[in-house]
Amino acid sequence: LAQRLVSIEVQEDYQLISSKLKGHTAHDRSMPGQISSAWDNFVDKAWDIFFESRHQKLNTDQDQQTKQQIDSETQTQLKSQRQNNQQQQQHTRRELHDNEKTEYAELANQRVQLLDQYVRPALLPTGSEQDFNQNIFTNEQNDGQYDYFVKWIRGEYLIAKYGLAVQQAVKKHPALRDDAAGLNSVGDTKSIYGEEVEVPLDLILPKIDTIIDAFGMEDWSRTKVPVSSWVDADTNSHDNLSIEDIIHNKLHGQISYSGPLNAYFEMRRREDSYELWNYNYIFGLAQYLLDRINDMDSIESVPVKTTILDVGAGDGRLIYFLRRAMHEIRTSNSSSTAKSINLRRKSGKSNRSTKAKMKANSQIFTMPTLIATDDGSWKAPMYSSKHIEVEKLSAVEAVVKYAPPSPEQRLEGGSSRLIVLCSWMPPQVDWTADFRKPQSSIHAPGESGLGIVDEYILIGECDDGTCGHNYLTWGNPDAYESEDGNESSVPVAPYVEDGYQRIELEDLSLLQISRFDCKRSSESKTVSFRRGA
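For clarity, every value in this text was computed on a predicted model and none was experimentally measured. (Residues numbered from 1 in each chain as written. Predicted model: local features only at pLDDT ≥ 70, side-chain atom pairs only at ≥ 80, totals over all residues. Heavy atoms only, no water.)

Chemist: Give me unusual backbone geometry: which residues, what numbers.
Modeler: Most peptide bonds take the trans configuration, and most residues that are not glycine carry a negative phi. We note that histidine 252 has phi near 60 degrees; this positive angle belongs to a residue other than glycine. Within the fold, histidine 252 resides in the loop between helix H9 (243-250) and helix H10 (260-267). For glutamine 254, which is not a glycine, the phi torsion comes out positive at approximately 50 degrees. Along the chain, glutamine 254 falls in the loop between H9 and H10. By relative accessible area, which is 29% here, glutamine 254 ends up partly exposed. (Helix = DSSP H or I, 4+ residues; strand = E, 2+ residues; numbered from the N terminus. Buried < 20%, exposed > 50% of the residue type's maximum accessible area, 1.4 Å probe, protein only.)

Here is the structure:
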């Protein structure tokens with residue numbers, strides 16, 4: 001029936017078209033053979049009942065499909081246009097970046113040329129090979145002035161060549177600003193309620209990935225390469241030497257493999273600035289110290305009070321950062337333990353085991369006492385913040401003051417231990433012998449026994465660098481100097497003789513960034529020396 005009605009309606013449409021073409025009006029009663037009005041009414045009513053809504057729906061669906069198609073095409077066009085715009089913007093940014101780099105490179109070259117014009121007449125007054133026989137190049141009669149001069153000219157060259165790049169890096173990465181300016185960003189801050197808060201560590205300490213990206217160190221070595229394996233260009237040639245050749249090959253200023261990072265340190269204008277504390281290293285060292293304390297406590301019958309002493313602490317920020325990092329680690333672990341305990345209570349575990357677990361964890365996460373000491377000889381900046389305190393003591397004075405009590409005194413004051421940190425010990429001196437002195441020798445010199453310090457951790461250049469004494473501190477046999485001049489037989493390393501074991505903390509060393517790092521070697525390391533039983 002429905003198909004028939006549609007056919008009728010279609011036929012009527014045909015008729016209307018035919019009628020209009022012939023000049024007649026449809027349904028005109030004067031026309032012979034016209035369909036009766038009753039049939040027309042029936043068809044109209046049948047259409048309204050059975051097909052009108054579907055017809056409208058078909059038209060609506062068709063309109064929606066058309067609209068969707070238009071919308072889809074529009075979206076595709078908009079997406080394509082947006083992608084084109086993004087690509088064009090990226091291309092523009094790359095061009096601007098490349099142009100900026102080119103401009104900076106040109107300015108850097110101009111700065112280096114200007115430096116060259118100032119220092120070359122002083123270094124090479126005659127412009128002949130005879131100039132290289134001067135003491136400044138032969139390093140004869142070195143009274144310290146040579147080292148200071150090389151340090152100065154190296155710094156000036158690095159700032160001239162990479163200073164602009166450092167400024168852009170610090171501008172792009174705000175976490176570097178405090179160290180770049182040597183300012184105090186760890187001072188007190190107030191919340192909107194007037195409560196005292198401290199600036200979050202992740203806003204103060206840059207992450208290692210940020211440092212690598214900021215200073216373009218993606219292809220720099222992350223491990224220490226011995227100086228003996230370094231290979232440089234021919235240093236005997238004197239022809240057409242650039243200022244870089246003179247500083248690097250003739251004055252041994254080590255700049256050829258340097259970059260913006262090295263200029264960054266020089267721009268701080270601080271004699272005590274050698275290590276760039278970063279978020280990853282601080283939390284790594286804090287976790288190591290907590291783990292070591294737990295390990296040592298595990299073999300003790302009663303808890304032992306631990307003091308962590310930083311000698312030669314300079315501005316005291318290492319201890320400040322470690323204290324805050326340990327607090328965050330302990331808080332995080334305590335929260336995890338509390339959550340675990342709550343789950344156990346819900347599951348019906350015994351209350352006795354829960355209390356034992358809480359007691360065990362409270363012992364594990366006992367905070368050590370952290371103390372920073374320095375004698376002030378390096379004139380490190382002192383911060384006004386009450387959170388950073390540096391006690392004015394030399395390394396020897398600090399160890400004596402905070403040495404654990406002797407066995408006779410332990411019954412009264414309880415058991416304690418001492419862990420010493422030392423970052424970038426001054427060159428050609430050795431403090432570690434005082435760390436390893438027997439506890440009884442403090443009041444009775446010459447007596448033997450266990451060393452004062454349970455463990456000491458050295459941070460900086462090791463074995464063939466400028467931190468401490470390469471033999472007395474690190475045990476490098478190449479640096480051994482016999483009192484009688486007979487160096488044929490080298491004794492055991494002093495720390496071995498005193499009953500200490502050297503442990504390379506490689507995971508922490510990989511997280512270090514220091515002043516003399518370069519493309520071919522990461523110079524600073526973290527090394528532990530642990531006292532034997």
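Let us keep going from here.
Chemist: Outline the packing of helix H5 (residues 145-172) against H10, listing residues and values.
Modeler: Relative orientation of the contacting elements H5 and H10 amounts to 100 degrees, with a least axis distance of 7 Å. Judged on the interaxial angle alone, H10 and H5 are roughly perpendicular. Within the contact between the two elements, H5 uses Arg154, Gly155, Leu158, Ile159, Tyr162, Gly163, Ala165, Val166, Gln167 and Val170 and H10 uses Pro260, Asn262, Ala263, Tyr264, Glu266 and Met267. For the contact of H5 with H10, the residue count by class is ten nonpolar, four polar and two charged. (Axes fitted to C-alpha atoms, helices over the stretch in contact; angles between N-to-C directions. Parallel < 35°, antiparallel > 145°, perpendicular 65-115°, else oblique. Contact = heavy atoms within 4.5 Å. Nonpolar A, V, L, I, M, F, W, Y, C, P; charged D, E, K, R; others polar.)

Chemist: Go over the environment of proline 260 with me, naming the residues and quoting the values.
Modeler: Positionally, proline 260 belongs in helix H10. Taking the C-alpha atoms as reference, proline 260 lies 7.1 Å from glycine 163; in sequence the two are 97 residues apart. If we skip the residues at most four places from it in the chain, proline 260 touches Tyr162, Ala165, Val166 and Phe215.

Chemist: Requested: an account of the nonpolar core, with residues and values cited.
Modeler: In a soluble, globular protein the nonpolar side chains are often hidden away together inside. By size, the foremost hydrophobic cluster in this structure holds 37 residues, and its most contacted members are Leu123, Phe215 and Leu261. Those elements giving two or more residues to this core turn out to be helix H3 (52-123), H5, helix H8 (208-214), H9 and H10. If sequence neighbours within four positions are ignored, leucine 123 has contacts with Asp131, Gln134, Phe137, Phe149, Ile153, Ile243, Ile246 and Leu251. One finds Leu201, Ala286, Ile308 and Ile419 within the second-largest nonpolar core, a separate group that totals 34 residues. (Core = buried A, V, L, I, M, F, W, Y, C linked by side-chain atoms within 4.5 Å.)

Chemist: Break down the sheet that holds strand E4 (residues 369-374) for me, with residues and values.
Modeler: The strands making up a sheet are joined through hydrogen bonds of the backbone, oriented either antiparallel or parallel. Taken in spatial order, the seven strands of this open sheet run E5-E4-E3-E6-E7-E9-E8, and their pairing is mixed. The outermost strands of the open sheet, each flanked by one partner alone, are strand E5 (390-392) and strand E8 (500-504). Put simply, the sheet's adjacent strands are angled 25 degrees from each other on average, direction ignored. Here five bridges tie E8 to strand E9 (residues 525-531), and the two strands are oriented antiparallel to one another. For isoleucine 503, the partnering residue across the bridge sits in E9 and is serine 528. (Pairing = 2+ DSSP bridges.)

Chemist: Tell me about H10, residues and numbers included.
Modeler: Burial runs high along H10: seven of the eight residues are buried. The set of residues buried in H10 consists of Pro260, Leu261, Asn262, Ala263, Tyr264, Phe265 and Glu266. Just downstream of H10, arginine 269 is the residue with a positive phi angle, here 55 degrees.

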